[in-house]
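Observations on the three-dimensional arrangement
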Amino acid sequence: MIDINDGMRLLIDNALAEGVCCIVGTASKNGQPQISMKGSVLVYDEETLAYWGRARRTALKNVSENPRTVIFYRTPQERISWRFHGTATVHESGAIRDAVMERTIQPELDRDPDRQGVAVLIKIDLIDELSGNVLQRRD
C-alpha cells in the first residue's frame, strides 16, 4: 500500500521554499535516461505526486512515450533521501490540470505567464531510500 503521509507531504510541498528541489527521472521509449529539476513537485493525494510541466521539453516527451518515472527528494538537513517510483500521466486540459495548476507554487507559475504548462501525475508504486530500503510498496 502507498500512503504518502503528512510528514512527506510537508517536506515535498515545501521543497523549493526550503532550498531543495525534486529531481525527476524519465527515459525515452528507447531507454535513453534523462533527469530534470522540478520546483513544482507536490503531493497530489496519498498515492500520487504531481508537477507542473511548463517547459514542454524532454521530460514531457519521455513520459508521453514511456510513463515509468522516478522522483528523487533529498534534504541533507534532515538526512532524508527518498525515491518515488511510478507511472506518469499527462493532463493537457481539464479538472486535474486545473487542480495541479492551482496548487503549483507561484515562482513556477511566474515562469509560465501564459499558463501553457500541463499537469503530470505520477501514481506511485514504490517508495525507497538510497540504501535500497523499501519504505512502501503497492500491493
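Everything below is about the structure shown above.
Parameters and conventions
- Residues numbered from 1 in each chain as written.
- Predicted model: local features only at pLDDT ≥ 70, side-chain atom pairs only at ≥ 80, totals over all residues.
- Heavy atoms only, no water.
- Helix = DSSP H or I, 4+ residues; strand = E, 2+ residues; numbered from the N terminus.
- Rg over C-alpha atoms; globule rule 2.2 N^0.38 Å.
- Buried < 20%, exposed > 50% of the residue type's maximum accessible area, 1.4 Å probe, protein only.
- Lys, Arg positive; Asp, Glu negative; His and termini not counted.
- Charge placed at Lys NZ, Arg CZ, Asp CG, Glu CD.
- Contact = heavy atoms within 4.5 Å.
- Arc of directions from axis to C-beta.
- Core = buried A, V, L, I, M, F, W, Y, C linked by side-chain atoms within 4.5 Å.
- 1 Å grid on protein atoms, 1.4 Å probe; cavity = no way out; pocket = protein on both sides within 12 Å on 5 of 7 lines; lining within 4 Å.
- Points joined across faces, edges and corners; volume = space filled by probe spheres on them.
- Nonpolar A, V, L, I, M, F, W, Y, C, P; charged D, E, K, R; others polar.

Section: the overall build of the protein chain
Of the regular secondary structure elements, the protein chain holds 4 helices and 8 strands. Along the protein chain, helices (α) and strands (β) appear in the sequence α-β-β-β-β-α-β-β-α-α-β-β when read from the amino end. Computed over the C-alpha atoms, the radius of gyration of the protein chain is 14 Å, within 12% of the 14 Å expected from 2.2 N^0.38 for a compact globule of 139 residues. When the backbone C-alpha atoms are referred to their principal axes, the protein chain occupies close to 40 × 35 × 25 Å. Counting over 139 residues, the protein chain shows a buried share of 42%. One finds the centroid of the 18 positive side-chain charges in the protein chain at a distance of 7 Å from the centroid of its 20 negative side-chain charges.

A word on the environment of valine 120
Considering the arrangement of structural elements, one finds valine 120 in strand β7 (residues 118-129). A relative accessible area of 1% places valine 120 in the buried class. As a C-alpha pair, valine 120 and glycine 31 span 89 residues in sequence and 20 Å in three-dimensional space. Apart from the residues lying within four places of it in its own chain, the contact partners of valine 120 are Leu49, Ala50, Tyr51, Leu60, Val63, Ala88, Thr89 and Val90.

Brief notes about helix α3 (residues 95-103)
Among the residues of α3, Arg97, Val100 and Met101 are the ones counted as buried. Angularly, the buried residues of α3 cover 100 degrees about the axis, an arc narrow enough to put them on a single face. Pointing more than 90 degrees away from the buried face of α3 are the exposed residues Ala95 and Glu102. On its buried face, α3 sits against β3 (42-45), β4 (48-53), β6 (80-91), α4 (106-110) and β7.

Brief notes about the nonpolar core
Counting 26 residues, the largest nonpolar core has Ile4, Tyr73 and Phe84 as the members making the most contacts within it. When contributions to this core are tallied by element, the ones reaching two or more residues are α1 (6-13), β1 (22-27), β4, α2 (58-65), β5 (68-75), β6 and β7. If you tally residues by element for this core, the top one is β7, at 5 residues. Once residues lying within four places of it in the same chain are set aside, the contact partners of isoleucine 4 are Arg9, Val43, Asp45, Glu46, Glu47, Thr48, Leu49, Phe84, Ile124, Ile127 and Gln136. Membership of the second largest hydrophobic core comes to 8 residues, among which are Ala50, Met101, Leu109 and Ala119.

Notes on the layout of surface pockets
In this structure, the largest pocket encloses a volume near 300 Å³. Surrounding the largest pocket, 19 residues form its lining, Ser36, Met37, Lys38, Ala55 and Arg57 being those nearest its centre. When contributions to the lining of the largest pocket are tallied by element, the ones reaching two or more residues are β2 (33-38), β4 and α2. It is β2 that contributes the most residues to the lining of the largest pocket, 4 residues altogether. A volume near 160 Å³ is recorded for the second largest pocket. Each residue belonging to the lining of the second largest pocket can be placed in one class, and the counts come to 7 nonpolar, 4 polar and 3 charged.

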